[in-house]
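# A look at the structure
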Amino acid sequence: VPETLTAEQEALRNRVGEFADRVLAPLESGLDRDRESPVPAELRKQVAASARAAGIHHLLQPAADGRHGTGVIERVIAVETLARANLRLARYALGPEPGALAAAAGRLRERYLVPLLAGDKRSALAITEPRDGLSPTLGARETGIVRISGRKSYVTGGAEADFFVVSLTLAATAEQPQARALVVIDRDAPGVRVERSFHSADGSGHVQLAFEDVRVPDDQLLMPPAQGRPPIGAGLNDLRLRVAARACGSAFWAIDHVTERLRAPHREGIPLGQREGVRLRLADMALLLYAARSALYRTARLADHGHDVRHEVLVAKILCTENAVQVVDRAVLLAGGEALIDGHPLERMQRELRTLLIAEGASDVLRQSLGKGIVERGFRGF
Ligand SMILES: Cc1cc2nc3c(=O)[nH]c(=O)nc-3n(C[C@H](O)[C@H](O)[C@H](O)COP(=O)(O)OP(=O)(O)OC[C@H]3O[C@@H](n4cnc5c(N)ncnc54)[C@H](O)[C@@H]3O)c2cc1C
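Below, the structure is looked at part by part. (Residues numbered from 1 in each chain as written. Predicted model: local features only at pLDDT ≥ 70, side-chain atom pairs only at ≥ 80, totals over all residues. Heavy atoms only, no water.)

### Looking at the site of the ligand
Here is the rule: Each residue is tested against the molecule or strand, and it is near if at least one of its non-hydrogen atoms lies within 4 Å. Polar contact is the term for a pair of N or O atoms within 3.5 Å; when the atoms are in protein, one must be able to donate a hydrogen and the other to accept it, and sequence-neighboring residues count only if both atoms are side-chain atoms. Areas reported as accessible are Shrake-Rupley estimates using a 1.4 Å probe. Residue values count occlusion only from the protein chains shown. Each helix is a run of DSSP H or I of at least 4 residues and each strand a run of E of at least 2, with the numbering of both proceeding from the N terminus. Side-chain classes follow a simple rule in which Ala, Val, Leu, Ile, Met, Phe, Trp, Tyr, Cys and Pro form the nonpolar group, Asp, Glu, Lys and Arg form the charged group, and the remainder, Gly included, forms the polar group.
In the neighbourhood of the ligand, 16 residues make up the surrounding shell, with Leu125, Ile127, Thr128, Thr156 and Gln368 lying closest. Between the ligand and Ile127 there is a distance of 2.7 Å, counted from an oxygen atom to a backbone nitrogen or oxygen. A total of 970 Å² of accessible area belongs to the ligand in isolation, and the protein chains cover 66% of it. Broken down by secondary-structure element, the contributors of at least two residues to the shell around the ligand are strand E1 (123-126), strand E3 (145-156) and helix H9 (363-377). At 3 residues, H9 tops the list of elements feeding residues into the shell around the ligand. Residue composition of the shell around the ligand, grouped by class: 8 nonpolar, 6 polar and 2 charged.

Structure (C-alpha cells):
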C-alpha cells in the first residue's frame with residue numbers, strides 16, 4: 001500500500017483547498033458568526049452550485065453503477081481539506097450521499113435515493129433510542145405492510161427531513177425469525193410525531209421521534225433483514241472515517257492558527273513562539289495530529305485496496321477525534337483568553353469536536369467493539 005498521495009490526489013486536495021479559500025471564505029465573511037443563526041437557504045444553494053461548478057459537489061456521491069464514484073482516500077481528502085478551512089459553509093459544499101440507501105433498488109431507489117442525491121429530498125438517520133429503553137422501535141410484519149411503534153431520541157436534521165431511515169427489531173413470523181432491519185418512513189406518514197426539537201453543543205439541530213402504529217409497505221425495508229446488528233455496516237465505516245477526517249482537518253486548522261499567533265509580536269517583548277515551554281506544547285500538538293492522520297490515511301488506503309478495515313476504522317475514529325480534542329484544547333491554552341470568547345473559532349471548534357467523541361459511536365463503545373474483535377480474532381497489528 002503506497003504511503004504517498006498520487007498526483008491526482010494531490011491535485012484534488014489543492015482544488016478543494018482553493019475552493020475553500022477563493023469561494024467559501026468570501027461568502028462566509030457575510031455570515032453572522034453566531035452559532036445559533038441558521039445559514040440562509042439561498043446561501044446554501046449558492047455554495048452547492050459553486051461546488052458543482054468546481055467539480056467538488058459530487059465527491060461523496062455514487063457513480064452510475066451505484067458505487068462510490070471516488071475512492072475512500074479521495075473522500076477523506078475532501079472532508080479533511082474542507083474542515084481545515086474551518087468555515088461554517090463548508091458543510092454544504094459536498095452533495096448528499098446515499099448512506100444506508102446505497103443498495104436501494106426499484107421503488108425505494110426511485111422514490112427516495114434518486115431525489116435524495118438530486119437534492120430534492122432530505123433524509124435523517126434514526127438509530128439511537130431513549131436511554132430508559134422503555135419504548136424500543138419494533139416492527140410487526142403483516143401481509144404487505146410493516147407496523148412500527150417506538151421512539152428515536154437523537155435524529156440529526158430530523159426537523160428538515162422528508163423521510164427517516166430507521167433501525168428496528170422485526171418480530172418473528174411463522175416463516176421468518178426475529179431480525180434487525182432498517183426501514184424508510186416518510187415524515188408525513190400517519191403516526192409519525194416529532195416529540196422534541198433541540199440543539200447540541202456544536203449548534204446542529206436534532207429531534208426526538210415517536211412512531212405510533214405507523215404502517216409502511218414492506219418493500220420499504222431497505223435490505224433483507226440481517227440477524228444481529230442493524231444492517232448499515234459498510235456505510236457506517238465510511239461515515240466514521242469521514243468523522244475522523246473532519247476531526248483531523250479541524251486540528252490542522254488549530255495548529256496553523258496558533259502557529260501564526262505564536263510568531264506575532266507579544267506584549268512580553270518577544271513572540272511567544274520563542275519560549276521553550278510554548279514550543280514544547282506546539283510539538284505535542286504536532287505529535288497528536290501526526291499519529292491521528294497516519295491512522296486515518298493508512299486506513300483509507302487499506303480500504304481502497306479491498307482490505308477488511310472494520311478494526312482500523314474504529315482505531316482511526318477514536319484516535320482522530322480524541323487527539324483532535326487534545327490538540328484544540330492546547331490551542332486554546334496557547335491562544336489565551338480571547339479563544340474562550342463566545343463565537344471565537346477555537347471556542348466553536350472545541351464544542352464541535354466534543355460532539356464527535358460521541359456521534360457515530362461513543363469512544364468507549366467503539367473501544368468495546370475493538371477489544372471484542374481482538375479477543376475473538378487476535379490483534380492483527382493493523
Ligand atoms: C452531535 C450528535 C449527533 C448525533 N446524530 C445522531 C443521528 O443522526 N442519529 C442517531 O440515531 N443518533 C445520533 N446521535 C446519538 C449518538 O449516536 C449517541 O449519543 C451515541 O451512540 C451514544 O448513545 P447515548 O447518548 O444513548 O449514550 P449511552 O449509550 O447511554 O452511553 C453513555 C456513555 O456510557 C458509556 N458506555 C455506554 N455503553 C458502553 C459500553 N458498552 N461499553 C463501555 N462504555 C459504554 C460511554 O462512555 C458512553 O459515552 C448523535 C449524537 C450527537 C452528539
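### Let's talk about the packing of aromatic side chains
Counted only if it meets this: Here a Phe, Tyr or Trp ring, Trp counted by its six-membered ring, pairs with any other such ring whose centre lies within 6.5 Å, and the pair is stacked when the planes are under 30 degrees apart, edge-to-face when over 60, and tilted otherwise. Relative accessibility thresholds used throughout: buried, under 20% of the residue-type maximum; exposed, over 50%; partly exposed, between the two (1.4 Å probe, protein chains only).
In the structure shown here, the tally under the stated rule is 2 aromatic pairs. Relative to Phe163, the ring of Tyr112 has its centre 4.8 Å away and its plane inclined at 65°; by these criteria the two rings are edge-to-face. Here Tyr112, found in helix H4 (residues 106-118), pairs with Phe163, found in strand E4 (residues 163-170); they are 51 residues apart in sequence, far enough to count as distant. Judged by its relative accessible area of 0%, Tyr112 falls in the buried class. Looking at Phe163, the relative accessible area reads 0%, which means it is buried. Aromatic pair Tyr154 and Phe198: ring centres 5.2 Å apart, planes at 85°, arrangement edge-to-face. With Tyr154 in strand E3 and Phe198 in strand E6 (residues 192-199), the pair connects residues that are 44 residues apart, well separated along the chain.

### Re helix H3 (residues 72-85)
Under the convention used in this document: Here a helix's expected span is defined as the number of its residues, less one, multiplied by 1.5 Å.
Over its 14 residues, H3 extends 20 Å from the first C-alpha to the last, a length consistent with the 20 Å expected when each residue adds 1.5 Å. Looking one or two residues past H3, Asn86 carries a phi angle of roughly 50°, positive in sign.

### Focus: the state of the cysteines
Rules: Any two cysteine sulfur atoms lying within 2.5 Å of each other are counted as a disulfide.
Counted by the stated rule, this structure contains 0 disulfides. For Cys248, which is in no disulfide, the shortest distance to another cysteine sulfur is to Cys320 and amounts to 3.5 Å. Here Cys248 falls in the buried class, since its relative accessible area comes to 0%. According to the relative accessible area criterion, Cys320 is buried, its value standing at 1%.

### Focus on the pattern of salt bridges
How we decide: Salt bridges are counted wherever a side-chain nitrogen of Lys or Arg sits within 4 Å of a carboxyl oxygen of Asp or Glu.
Considering all chains together, one arrives at 25 salt bridges under this definition. A salt bridge links Glu80 to Arg293, with the shortest nitrogen-to-oxygen separation between them at 2.5 Å. Remark: Arg293 occurs in helix H6 (residues 276-304) and Glu80 occurs in helix H3; sequence separation between them is 213 residues. In this structure Glu80 comes out as buried when scored by relative accessible area, which is 3%.

### Comments concerning the packing of helix H1 (residues 7-29) against H3
So the rule is basically this: Each axis is a line fitted through C-alpha atoms, taken for helices only over the stretch in contact, and angles between the N-to-C directions span 0 to 180 degrees. Working rule for angles: under 35 degrees goes down as roughly parallel, over 145 as roughly antiparallel, 65 to 115 as roughly perpendicular, anything else as oblique. Here a crossing is taken to be left-handed if its near helix is turned anticlockwise relative to the far helix by less than a right angle, and right-handed if that turn runs clockwise. Contacts are assigned to residue pairs with any non-hydrogen atoms lying within 4.5 Å of each other.
It is the contact of H1 with H3, at a shortest axis distance of 9 Å, that shows an interaxial angle of 30°. Relative to H3, the element H1 is oriented roughly parallel. For the pair H1 and H3, the crossing hand works out as right-handed. Of H3, the residues touching H1 (which contributes Gln9, Leu12, Arg13, Val16, Gly17, Ala20 and Leu24) are Ile73, Glu74, Ile77, Ala78, Thr81, Leu82 and Ala85. Residue composition of the contact of H1 with H3, by class: 9 nonpolar, 3 polar and 2 charged.

### Thoughts on the nonpolar core
Under the convention used in this document: We define the nonpolar core as a collection of buried residues of types Ala, Val, Leu, Ile, Met, Phe, Trp, Tyr and Cys that are connected through side-chain atoms lying within 4.5 Å of one another.
Residues Leu24, Leu89, Leu94, Ala254, Leu296, Leu346 and Leu353 are the most contacted members of the largest nonpolar core, which totals 68 residues. Elements that contribute at least two residues to this core include exactly H1, helix H2 (41-53), H3, helix H5 (233-263), H6, helix H7 (310-335) and helix H8 (345-356). Excluding its chain neighbours within four sequence positions, the residues that come into contact with Ala254 are Val327, Val328, Ala331, Leu346 and Met349. Of all hydrophobic cores here, the second largest spans 21 residues; its members include Ala126, Val155, Phe164 and Ala181.

### A word on the side chain of Ser250
Structurally, the position occupied by Ser250 is in helix H5. Of the residues examined, Ser250 reaches a relative accessible area of 8% and is grouped as buried. When near neighbours in sequence (up to four residues on either side) are disregarded, Ser250 contacts Ala83, Met349 and Leu353.

### Some details on the side chain of Glu74
What counts is decided by this rule: In this count, Lys and Arg are taken as positive residues and Asp and Glu as negative ones, while His and the chain termini are left out.
Mapped onto the elements, Glu74 comes out in helix H3. Of the buried charged residues, Glu74 lacks a salt bridge, with Arg75 as the closest side chain of opposite charge at 6.5 Å. Other than its neighbours up to four places away in sequence, Glu74 contacts Gln9, Leu12 and Asp304.

### Regarding the environment of Asp329
Mapping Asp329 onto the fold places it in helix H7. Sequence-wise, Asp329 and Gly150 are 179 residues apart; in three dimensions their C-alpha atoms are separated by 39 Å.

Nothing here speaks to function; it is geometry throughout.
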